[in-house]
Amino acid sequence: MTPTTSTARLTVAQALVRFLAVQYTERDGVRQRLIGATWGVLGHGNVAGIGQALVEYAADMPYHQGRNEQAMVHAAVGYARQSGRLSAHAVTTSIGPGATNLVTGAALATVNHLPVLLLPGDVFATRPADPVLQQLEAPGAGDVSVNDCLRPVSTYFDRVTRPEQLVPAALQAMRVLTDPVQTGAVTLALPQDVQAEAYDWPGEFFAERTWVVRRPGADPTELAEAVTAVRSARRPLVVAGGGVHHSRAEEALAEFAAGTGIPVASTQAGKGSLRWDHPQDVGGIGHTGTATADELARTADLVIGVGTRWTDFTTASGTLFTGAGVRFLNLNIAPYDGHKLAGLPLIADARSGLQELTAALGTHAHRVPASYVAEYTEDKERWEQRVDACYEADEPDVRPTQPQVLGALDAVVDDTDVIVNAAGSLPGDLHKLWRARSRDQYHLEYGYSCMGYEIPAAIGVKLAAPDRPVWALVGDGTYLMMPTEIVTAVQEGVAIKVLLVQNHGYASIGGLSESVGGERFATAYRFRSDDGTYTGAPLPVDLAANAASLGMRVLRARTVADLHEALARARAADTPTCVYVETETADTVSGPPPAQAWWDVPVAETATRPSAVKARELYERHVSTRRRHL
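Here's a quick rundown of the structure. Counting restarts for each chain, with residues numbered from 1 along the sequence as it is written. Whole-chain, interface and lining totals are the exception, using all residues; otherwise, since this is a predicted model, local features are given only for residues with pLDDT of at least 70 and side-chain atom pairs are given and counted only at 80 or more. Side-chain calculation: all heavy atoms of the structure are included, whereas hydrogens and water are not.

### Some thoughts on the overall build of the protein chain
- From N to C terminus, the protein chain includes 24 helices and 23 strands.
- As defined in this context, the radius of gyration uses C-alpha atoms, and a globule is described by 2.2 Å times the residue total to the power 0.38. Relative to a compact globule of 630 residues, whose C-alpha radius of gyration would be 25 Å, the protein chain shows 25 Å and is just as compact.
- Counting only C-alpha atoms, the protein chain reaches 70 × 70 × 55 Å along its principal axes.
- Three exposure classes are used, based on accessible area relative to the maximum for each residue type with a 1.4 Å probe and protein chains only: buried under 20%, partly exposed in between, and exposed over 50%. Each of the 630 residues in the protein chain was classed as buried or not, and the buried ones make up 57%.
- Residues count as neighbours in contact if any of their non-hydrogen atoms are within 4.5 Å of one another. Taking the intrachain contacts of the protein chain between residues at least 6 apart in sequence as the baseline, contacts between residues at least 24 apart amount to 76%. Secondary structure follows DSSP: runs of H or I at least 4 residues long count as helices, runs of E at least 2 residues long count as strands, and numbering of each begins at the N terminus.

### Some words on the sheet that holds strand E3 (residues 30-33)
- If you walk across this open sheet you meet the three strands as E3-E2-E11, and the pairing is mixed. Taken across any chain shown, the strands that pair with only one partner, and hence form the sheet edges, are E3 and strand E11 (209-212). On average, each strand axis in the sheet is tilted by 30 degrees relative to the strand beside it, whichever way the strands run.
- When DSSP locates at least two bridges between a pair of strands, those strands are taken to pair. Relative to E11, strand E2 (residues 23-27) is paired through four bridges, and the arrangement is parallel. A fitted line through C-alpha atoms serves as each axis, taken over the contacting stretch for helices, and the angle formed by two N-to-C directions is quoted from 0 to 180°.

### A few points about the packing of aromatic side chains
- The aromatic pairing rule takes the rings of Phe, Tyr and Trp, using the six-membered ring of Trp, and pairs them if the centres are within 6.5 Å, calling planes under 30 degrees apart stacked, those over 60 edge-to-face and the rest tilted. Scanning the entire structure with this criterion turns up twelve aromatic pairs.
- Where Phe313 meets Trp599, the ring centres are 4.5 Å apart and the plane angle is 65 degrees; that geometry is what we call edge-to-face. With a gap of 286 residues between them, Phe313 in helix H12 (residues 312-315) and Trp599 in the loop between strand E23 (577-582) and helix H24 (610-623) connect regions that are remote in the sequence.
- Its relative accessible area of 12% is what places Phe313 among the buried residues.
- Since its relative accessible area comes to 26%, Trp599 is described here as partly exposed.
- For the ring pair Trp598 and Tyr619, a centre distance of 5.7 Å and an interplane angle of 55 degrees mean the geometry is tilted. You can see Trp598 sitting in the loop between E23 and H24 and its partner Tyr619 sitting in helix H24, a full 21 residues away along the chain. Assigned by exposure class, Trp598 and Tyr619 land together as buried.
- Aromatic ring contacts, followed pair by pair, group Phe19, Tyr199, Trp201, Phe205 and Phe206 into a single cluster.
- Either the NZ atom of lysine or the CZ atom of arginine qualifies as a charge over a ring when it sits within 6 Å of the ring centre and within 35 degrees of the ring normal. Here Arg18 stacks its cationic end above the ring of Phe206, 4.3 Å away from the centre of that ring.
- Over the aromatic face of Tyr580 sits the side chain of Arg556, whose NZ or CZ is 5.7 Å from the ring centroid.

### A word on the pairing of strand E8 (residues 156-159)
- Here E8 pairs with strand E9 (residues 185-191) via four bridges, running parallel. When the bridges of E9 are listed, Asp158 appears paired with Leu188.
- We call a crossover right-handed when, viewed with the strands running away from us, the connection from the first strand over the helix to the second turns clockwise. Taken together, E8, helix H6 (residues 166-177) and E9 constitute a β-α-β crossover, and its handedness is right-handed.

### Focus: the nonpolar core
- Core analysis: the biggest nonpolar cluster contains 49 residues, and Ile285, Ile304 and Phe321 have the highest contact counts within it.
- Broken down by element, the residue count for this core peaks at five residues, all from helix H8 (residues 220-232). What makes a nonpolar core is a set of buried Ala, Val, Leu, Ile, Met, Phe, Trp, Tyr and Cys residues whose side-chain atoms join them at distances within 4.5 Å.

### Re the environment of Ala80
- Mapped onto the elements, Ala80 comes out in helix H3 (residues 69-82).
- For Ala80, a relative accessible area of 0% translates into the label buried.
- For Ala80 and Leu34, which are 46 residues apart along the polypeptide, the C-alpha to C-alpha distance reads 9.8 Å.
- In this view, Ala80 contacts Arg85, Ser87 and Pro115; residues no more than four positions away in its chain are not counted.

### As for the packing of helix H1 (residues 12-20) against H6
- Two elements in contact, H1 and H6, have axes whose closest approach is 11 Å; the angle formed by their N-to-C orientations is 35 degrees. Handedness of the H1/H6 crossing: right-handed. Here Val12, Ala15, Leu16, Phe19 and Leu20 of H1 come into contact with H6, specifically with Leu166, Ala170, Leu171 and Met174.
- Polar here means any residue other than Ala, Val, Leu, Ile, Met, Phe, Trp, Tyr, Cys and Pro, which are nonpolar, and Asp, Glu, Lys and Arg, which are charged; Gly is therefore polar. Residue composition of the contact of H1 with H6, by class: nine nonpolar, no polar and no charged. Crossing handedness is defined as follows: a turn of the near helix away from the far one that is anticlockwise and smaller than a right angle gives a left-handed crossing, while the clockwise case is right-handed.

### Some points on the side chain of Asn46
- Along the chain, Asn46 falls in the loop between strand E4 (35-40) and helix H2 (47-56).
- Any pair of N or O atoms that falls within 3.5 Å is considered a polar contact. Within protein, one atom must be able to donate a hydrogen and the other to accept it, and sequence-neighbouring residues count only if both atoms are side-chain atoms. Among the polar contacts listed, one links the side chain of Asn46 to the backbone oxygen of Thr93, at a separation of 3.2 Å.
- Once residues lying within four places of it in the same chain are set aside, the contact partners of Asn46 are Val41, Gly51, Thr92, Thr93, Ser94 and Gln195.

### Considerations on unusual backbone geometry
- That bond from Asp130 to Pro131 is cis: its omega, 10 degrees, falls within 30 degrees of zero.
- Relative to the assigned elements, Pro131 resides in the loop between strand E7 (116-122) and E8.
- Within the chain, Arg520 stands out as a residue other than glycine whose phi angle is a positive 60 degrees.
- Relative to the helices and strands, Arg520 resides in the loop between helix H21 (507-515) and helix H22 (543-549).

### Notes on the sheet that holds strand E13 (residues 264-266)
- The strand order E14-E13-E12-E15-E16-E17 describes an open sheet built from six strands, whose pairing is parallel. If you trace the sheet from one side to the other, it starts and ends with strand E14 (281-284) and strand E17 (344-347), each paired once. Here the average twist between neighbouring strands, direction ignored, is 20 degrees.
- Relative to strand E15 (residues 302-306), strand E12 (residues 236-240) is paired through five bridges, and the arrangement is parallel.

Here it is in structure tokens:
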């Protein structure tokens, strides 16, 4: 694949694959391939174009055969996150349903600022036969196809309708994928006839190209204002978001926290920014946070957000940060996020910004009062005692609760393990209870909280970190959404571990439904009763048998003791392995600590059922505490 100054006659698809194979990123002197592999489901919209090109250049572009287009994007996202956003995967599909199946995965990637290159096939650009199979006709717009659904969920979108358009489109796609502010899903829609069309390409197009991932520093004026704000604060609190991990700023954050004594809470994306046993780590914040972090948030006079988008779960829908005169200082590489909550912006890369802020505070760094340190240290100790109580099981021969499942896993893993989760009741329990041991052990996709993410994402993580144990934690609801990529893990020999928790329904939404007057309607996996509700006996589904039918080794755990043994065996396994456990439900035994902060889910303003009337009264009390920071 050595480029020449002459031209090369290739199809558009061949040229694109050759181009992608020689793109690199570099940050902090480390260089690696930008597009590490391509995922695909082949159909008439890409088999003769991209499919043929992948065969032509199989030695240069690794290929993974997926089963579901959405799942392939999830796998690519998992890979990109584990790779620090410095390496990504491409995903190719046919036209029609194959392309529209990408939309959910694309939204997830863009919401979480994680790079993935989407290459959906498209209808004929030349329109020799119109409509073609799977084409959705738009009578008012001849140039619209279903791929236009990807526009609002992509950070960059282009449709290559002529061969020569590929050069600028491909270069722009690489620019966006490597931009730490703009990165997300990037879509190049490829009409099936154009994919197969030949063109004389300049040799320079296939030269190796390195895209430097920037670490911009802070503006001096903003930095000076930040220093003043920190020095004047008596009860400051850091909120670490996903930007800490994307920047690899964990050590810089630890140095800043140790030097100043400022406690550090974390969002779902930021958990693990400090080890759980770091003196300044106070756990998760917000609706699913710890009592320690949330009480500090309520009394903070300065909240230092590092790489966070300030979502409603973090701010408890605007009811958490209520201290008199509280101000925000937002260290963020994205100006859009840096100006939220009327905060002082410190627009910079998280690591660069933290290092500059630490240095600007001086060699004898400003420290918070000793009484403040003693306060949160004691609160942290009390919370860890609550975690111990949730994890422990008095009787080893009983069915475990979900927190006891996490306790059993906690006893098995070490610093090298990675746990992957996204939706259901597990994220709340994990955010409150999990003891993150390393910067990338805690892999929660909570920006989009997409059911079905966990298993394919775990495959992507394992491809990026083949020597590390990778666990996909899934409930029965999530499992039923997307178990298909188990087949891929088996086919490729990707030894992920699936911890499948059966609680017979949507436990998270069931609890939410009850709290907002919905009476858990249609949230259980049960037979329909005579009154029309789903309150009959549990459905006789056997998810363990299903996983086994897809080729996975399955270990059934019926008791706490069984679970400890099964998890240890799964961790040692070198093939894809599932641990299946049925848990006790929260209405029969004590569950995890309740929410320590509110979340705004509007309740019916008028209703006759007592549960909804009571829920509305409580809702109005919470809404009255909302604070807008201006």
